[in-house]
Structure formats: structure tokens, C-alpha cells
Amino acid sequence: MESDGDKFPDYIPPTKIAYISGRPATLHLRKCKLVTEKADGSLLEYIFDQPTVTIGAMDDNDVVLDDDTVSRYHCRIYQEDNAYLIQDLGSTNGTYVNRVRVREGYLKPGCTLTIGKTDVRFQSLDERVEIQPANRDRFGRIVGKSVRMREIFGILEKIAPSGVTVVIEGETGTGKEVVARTLHEASSRQKGPFVVFDCGAVPENLIESELFGHEKGSFTGAIMARQGLFEVAQGGTIFLDELGELSLELQPKLLRALEQREIRRVGSNKPIKIDVRVIAATNRNLAEEVKGGRFREDLFYRLSVVRLILPPLRERLEDLPLLTRHILSRALFNRDGEGNPNIKGVARDALDAMMAYHWPGNVRELVNVVERACAYADPAGEYITLEDLPEQISGIGIVRRRQTPEQATSKDRIDQASEKPFKEAKEEWVSSFERDYIVNLLKRNSYNISHAAREADIDRKVLPEADEEVRHRGRRRRRRLTT
């Protein structure tokens with residue numbers, strides 16, 4: 001078909017939104033409508049907001065046509081920049097636009113597609129919504145009363161049901177996975193699976209197999225066929241965390257899966273149709289990664305249909321009291337044997353100190369600080385006090401009610417060790433060093449295991465046990481105080 005694309009794109013604004021630095025946003029939600037006539041003369045309408053729509057005779061197409069002249073997978077309609085295109089998929093009887101046979105061509109709103117002997121009317125729909133701050137202080141799992149968070153709630157309300165692809169950017173610990181889960185739970189896919197894949201946690205040579213699956217014998221160690229996570233997430237949502245860690249060699253395969261809505265297992269030529277919503281997250285600035293040649297531009301634009309940038313906690317400190325109350329009311333570490341909260345709030349001087357802190361680890365660090373404070377708080381009290389907070393927040397030395405082996409000075413440890421056999425003392429000393437080293441390493445990296453492992457040049461598998469130690473140390477301390 002001739003280059004009508006030069007004329008048609010202006011008719012179909014793309015589904016795009018970027019929420020950056022608190023600027024007001026308008027959401028252009030692009031949809032297409034396909035209309036066919038049934039045998040009894042009534043009209044059948046299909047409305048899609050997804051980037052690719054497949055048409056054919058097989059049941060796994062988005063539009064299934066009961067027509068003997070239609071091929072199993074006849075054609076597909078897909079979005080590109082600000083236009084819709086149609087592509088014939090090697091059909092027997094061809095695909096026509098306004099009675100002109102095409103292999104690939106732009107679609108103008110109101111045109112007629114002829115697929116086999118069936119006519120399909122194509123229309124584009126553009127819903128423009130100005131985003132206003134929501135009149136609420138929480139949306140699903142997300143909590144906040146600041147204007148920036150309430151504007152994000154307004155965006156989430158609009159995009160959650162749509163199924164559009166979303167990229168969530170923000171510093172480590174800002175709650176990107178919480179936002180992804182909330183989008184899934186507020187969508188029509190909520191009953192489907194929510195599958196998480198950390199692109200930075202899997203060896204590069206295994207990522208393709210993890211995402212797309214493999215056939216038996218496709219590589220050494222593939223003793224049986226295995227589904228990939230895209231197949232596991234069928235009918236639901238796949239969350240690609242730390243997307244910026246994905247290598248340039250693997251990015252085209254992810255792009256193909258997003259565009260074609262199909263995947264191929266490693267070692268197989270058979271395509272598998274997928275019906276999955278993709279939400280991605282990264283603590284990198286993907287636009288800068290594209291400029292630096294570390295991320296493919298076409299994949300960036302395919303993913304960032306909606307681009308959300310979550311503010312760090314230091315830029316929404318007015319949310320901190322609400323977040324703290326939320327953590328105390330929901331967290332299992334603050335429950336007694338009957339499920340009631342042990343600690344009910346934060347003393348004024350402690351809250352003032354928390355409000356003055358920079359929070360480099362964001363909400364994740366806040367959760368860790370609250371858990372630790374609950375562990376150190378007076379069992380007879382109901383509030384977190386200034387003395388219960390870490391020294392870098394309170395500004396004072398931590399009051400110790402009883403010294404534990406972890407809190408002993410080097411001299412104390414030497415004195416204690418000299419009373420034991422050499423081998424036993426050495427093992428305890430090495431074990432103590434490893435634990436303290438890893439705990440401090442995790443703290444410096446805001447408890448991000450992948451980042452900590454890279455800094456220390458050690459396998460990240462060493463760290464989860466240590467991270468568990470960090471998270472539960474305060475809990476064990478509390479049990480000791482109450483016994």
C-alpha cells in the first residue's frame with residue numbers, strides 16, 4: 001500500500017503519558033474498534049486497547065472469524081508510533097484495505113478491511129483524560145496524601161483497567177513492585193497470575209530460558225521441556241523488575257514478544273500465543289540509557305506506553321506519618337499472639353527525628369527502621385521513642401537494655417573468645433565478621449541484594465540468608481527482652 005502513513009498518523013494519537021516532576025498530565029488512551037456483520041445482519045463490535053490484535057480462524061486469535069476463506073492466523077493489526085498498521089501473516093487468500101490487497105499498510109479510521117470473504121470496519125478511538133489528584137490517601141496497596149502521590153493515584157485509576165504496558169521508574173526502595181501489584185489487582189486480570197522476574201538476579205545465559213521456556217535437549221542440562229514465565233503468566237501480569245539490567249543481546253527477543261504477542265521456547269520453532277500484561281520497573285533513567293546506547297530505543301518506546309516516575313521519600317516527607325501508621329497497623333512483626341498491634345504509634349520527638357532524616361533507602365528503609373524500632377521498644381510501652389531509632393536518625397547513642405553478642409565491642413569479643421578452645425573461638429569470630437560485614441554492606445545498598453553483591457564482588461546467593469538475619473535480628477531481640 002502506498003505511503004498513506006504520511007497522512008494517516010495524525011488521526012490516531014498514541015496511548016502515552018509521562019508523569020515526571022509533578023507536571024500536570026493528560027492521558028491519551030488509544031483504542032481501536034473493529035465491526036463485523038453477523039449472518040443475521042446484526043453487528044458485532046470488538047474494542048481493543050492492546051498494542052497488537054490478531055485476526056484469524058483459530059480460537060487463540062483476538063478476533064476469530066467463522067469463514068472458510070480465512071487462514072488460521074490471517075493478519076494482525078498493531079500500533080506504531082501514532083498510527084495503526086495491518087500486516088498479512090502469509091494468508092492464503094490475502095488481506096485487503098479498501099479493496100486493495102496489501103502485505104502491510106497504514107489504516108485510516110473508517111477504512112474497510114476484507115479478510116477472506118469477511119468485511120471488517122476499522123475505527124480508532126481516542127479518550128483524552130486530564131489527570132487530577134485523587135481525593136484519597138491510598139490506592140490499593142499504595143499509601144500517600146501528598147499531591148504527587150495523589151496525582152499518581154489519579155493516573156493509576158485510569159490505566160489499571162486498560163491493560164496498557166507500564167514502565168515504573170524510581171530510586172531503589174520507592175515501592176515499584178507495590179505499584180505493579182496494585183495495577184494488577186485493580187485490573188480485569190486480577191484473578192490471573194502475577195509473575196515477578198528480576199532481570200538482574202538471573203545469570204545472563206539463563207534469562208531467555210527463564211522468560212520464554214525451553215524444549216528438552218535444547219542445551220546442556222535441559223533434561224525436560226519447561227514453561228517460561230510468559231507462559232506461566234498467561235491471562236495475568238508479568239512484572240519485569242530491574243529491566244535496565246537486561247543485556248542488549250536479549251532486548252530484541254523481548255521486543256519481539258511484545259510486538260508479536262507470541263514467544264518461542266529455546267530450541268523450538270513453534271510460536272506460542274501469549275495474553276499477558278507487561279509492567280516493567282527500573283531504578284535507572286531509561287531515557288538516559290537509550291542516549292548512552294545501553295538500551296534499545298524501539299524497546300523503550302514499546303514499553304513506555306505509560307511511564308511513571310515514583311518520587312523518593314525525601315520529596316514526600318508529608319507522607320511519612322501516614323506510611324508509618326500504615327506499617328504499624330499491617331506488619332506481622334508488630335503483632336502479639338492474638339494478632340493485635342504491639343506498638344500503636346510514634347512519639348513526637350521520634351517522629352520529628354524521622355521527618356528530618358534523608359531516607360536514602362526510601363520506603364524500604366522506613367519499613368526496616370520501623371521493624372527495628374518495634375523490636376527495641378519497651379514491651380510495656382505503646383509508642384516508638386527516640387531511643388528506639390537507629391543512631392543515624394535519632395542522633396544519640398542507642399540505649400541497650402541488654403548486650404547481645406552482635407552488640408559487643410571488639411575487646412569484649414576477644415575476652416569472651418579467650419575463654420573458649422581456639423578452633424571454636426576462631427569459627428565464632430569468622431562467623432561474626434561475615435555477618436557484620438554483610439549487614440553493613442546491605443545497609444549501604446539500602447538492602448538491595450543485587451547491588452550489594454556487585455559491590456562486594458560475591459555471589460548474591462550468599463546474601464539472602466544474611467538479609468533475613470538483618471530483618472529478623474530485631475524480632476529475636478524483642479523475644480529475648482520479653483523472656
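Residues numbered from 1 in each chain as written. Predicted model: local features only at pLDDT ≥ 70, side-chain atom pairs only at ≥ 80, totals over all residues. Heavy atoms only, no water.

Student: Would you mind showing me how to read the packing of helix α8 (residues 320–330) against helix α10 (residues 362–376) here?
Tutor: The geometry of a pair of packed helices is captured by two quantities: the angle between their axes and the separation between those axes. As a packed pair, α8 and α10 sit with axes 10 Å apart at the nearest point and diverge in direction by 55°. Here α8 lies oblique to α10, going by the angle between them. Along this stretch, α8 crosses α10, giving a crossing that reads as right-handed. Residues L323, T324, I327 and L328 of α8 form the contact with α10, whose participating residues are V363, L366, V367, V370 and C374. (Axes fitted to C-alpha atoms, helices over the stretch in contact; angles between N-to-C directions. Helix = DSSP H or I, 4+ residues; strand = E, 2+ residues; numbered from the N terminus. Parallel < 35°, antiparallel > 145°, perpendicular 65-115°, else oblique. Left-handed = near helix turned anticlockwise from the far one by under 90°. Contact = heavy atoms within 4.5 Å.)

Student: Would you mind going over the environment of E169 with me for this structure?
Tutor: Position of E169 relative to the elements: it lies in strand β15 (residues 166–169). Placed 142 residues apart in sequence, E169 and P311 show a C-alpha to C-alpha distance of 9.1 Å. Residue contacts for E169: discarding those within four places in its chain leaves K176, T282, R284, N285, L286, R307, L308, I309 and L310. In terms of polar contacts, E169 uses its side chain to reach the side chain of R307, at 2.7 Å. (Polar contact = N/O pair within 3.5 Å; in protein donor to acceptor, adjacent residues only side chain to side chain.)

Student: Please clarify how the pairing of β15 should be interpreted in this entry.
Tutor: For a regular strand, side chains alternate in direction, first toward one face of the sheet and then toward the other. Neither face of β15 is left uncovered, since the one carrying V166 and I168 and the one carrying V167 and E169 both have all their residues buried. Judged from the four bridges that link them, β15 and strand β23 (residues 306–309) form a sheet pairing that is parallel. Looking at the pairing, I168 lines up with L308 of β23. (Buried < 20%, exposed > 50% of the residue type's maximum accessible area, 1.4 Å probe, protein only. Pairing = 2+ DSSP bridges.)

Student: How do you make sense of the packing of aromatic side chains when you look at a structure like this?
Tutor: Aromatic ring pairs are described here by two measures, namely the spacing of the ring centres and the angle between the planes. Counted according to the given criterion, the structure contains seven aromatic pairs. Residues Y84 and F122 carry aromatic rings whose centres are separated by 5.5 Å and whose planes lie at 70° to one another, so their mutual orientation is edge-to-face. One end of the pair, Y84, is in strand β7 (residues 83–88); the other, F122, is in strand β12 (residues 118–130), with 38 residues separating them in the sequence. Per residue, the accessibility class of Y84 equals that of F122, and both read buried. Taking 5.2 Å as the distance between ring centres and 65° as the angle between the ring planes, the aromatic pair formed by F300 and Y301 counts as edge-to-face. The exposure class assigned to Y301 is partly exposed, which follows from its relative accessible area of 44%. The cationic tip of R76 hangs over the ring face of Y78; the distance from NZ or CZ to the ring centre is 4.1 Å. (Phe/Tyr/Trp six-rings, centres within 6.5 Å; stacked < 30°, edge-to-face > 60°. Lys NZ or Arg CZ within 6 Å of the ring centre and 35° of its normal.)

Student: For this particular structure, what's the right way to read the pattern of salt bridges?
Tutor: A side chain with one charge may pair with a side chain of the opposite charge, provided their charged atoms come close. This model, assessed by the stated rule, comprises 25 salt bridges. A salt bridge links E208 to K253, with the shortest nitrogen-to-oxygen separation between them at 2.7 Å. Residue E208 is located in helix α3 (residues 204–212), and its partner K253 is located in helix α5 (residues 251–260); the two are separated by 45 residues in the primary sequence. Using a relative accessible area of 22% as the deciding quantity, one classes E208 as partly exposed. The partner of E262 in a salt bridge is R264, and the shortest N-O contact between them spans 3.9 Å. One network of salt bridges, with partners in common, ties together E245, R284, E289 and R294. (Salt bridge = Lys/Arg side-chain N within 4 Å of Asp/Glu carboxyl O.)

Student: I would appreciate a short explanation of the sheet that holds strand β10 (residues 104–106) in the present structure.
Tutor: Sheet strands line up and pair through hydrogen bonds in the backbone, either parallel or antiparallel. One open sheet accounts for five strands, arranged β5-β4-β6-β7-β10; its pairing is mixed. Two strands close off the open sheet at either side, each with one partner strand: β5 (63–64) and β10. When strand β4 (residues 52–56) meets strand β6 (residues 75–80), the two strands line up antiparallel, connected through four bridges. Opposite T54, over in β6, you have R76 as the bridge partner.

Student: Even after reading the chapter, I still don't get the environment of K270, so can you show me in this structure?
Tutor: Structurally, K270 can be placed in the loop between β20 (262–264) and β21 (271–273). Contact partners of K270, with chain neighbours within four places excluded, come to I263 and R264.

Student: Where do I start with the nonpolar core in this structure?
Tutor: The biggest cluster of nonpolar side chains holds 30 residues, and the ones touching the most others in it are F230, I238, L240 and L243. Looking at this core, the elements that each hand over two or more residues are β16 (194–198), α3, α4 (229–232), β19 (237–241), α5, β22 (277–282), α6 (286–291) and α7 (297–303). If sequence neighbours within four positions are ignored, L243 has contacts with C199, L254, A280, A281, T282, L286, F295 and L303. Counting 29 residues, the second-largest nonpolar core is a separate cluster that includes L323, A350, A373 and L389. (Core = buried A, V, L, I, M, F, W, Y, C linked by side-chain atoms within 4.5 Å.)

Student: Teacher, can you tell me more about the side chain of D67 here?
Tutor: With respect to the helices and strands, D67 occurs in the loop between β5 and β6. No salt bridge is formed by the buried D67; its nearest oppositely charged neighbour, K117, is found at 6.4 Å. Here T69 takes part through its side chain, which lies 2.6 Å from a polar atom of the side chain of D67. Within the structure, D67 has its side chain in polar contact with the side chain of T118 (distance 2.8 Å). Beyond its immediate stretch of four places on either side in the chain, D67 contacts I115, G116, K117 and T118. (Lys, Arg positive; Asp, Glu negative; His and termini not counted.)

Student: Help me understand the packing of α8 against helix α9 (residues 348–356) in this model?
Tutor: For the pair α8 and α9, interaxial distance at closest approach is 10 Å and the crossing angle is 120°. Taken together, the axis directions place α8 and α9 in an arrangement best described as oblique. When you trace α8 past α9, the crossing you get is right-handed. In contact with L320, P321 and T324 of α8, α9 contributes L351, M354 and M355. Across the contact of α8 with α9, the residue classes break down as five nonpolar, one polar and no charged. (Nonpolar A, V, L, I, M, F, W, Y, C, P; charged D, E, K, R; others polar.)

Student: Just checking my understanding: could you explain helix α14 (residues 449–456) for this structure?
Tutor: The α-helix advances 3.6 residues per turn, and as a result positions three or four apart in sequence lie on the same side. Those residues of α14 that sit buried are I449, S450, A452, A453 and A456. Relative to the axis of α14, the buried residues are bounded by an arc of 165° and lie together on one face. Just past α14, the residue D457 takes up positive phi, approximately 55°. (Arc of directions from axis to C-beta.)

Student: Is there a simple way to think about α8 in this case?
Tutor: Burial in α8 covers these residues: L320, L322, L323, T324, H326, I327 and L328. Its buried side turned inward, α8 meets β13 (138–139), β14 (142–143), β24 (345–346), α9, α10 and β25 (383–384).

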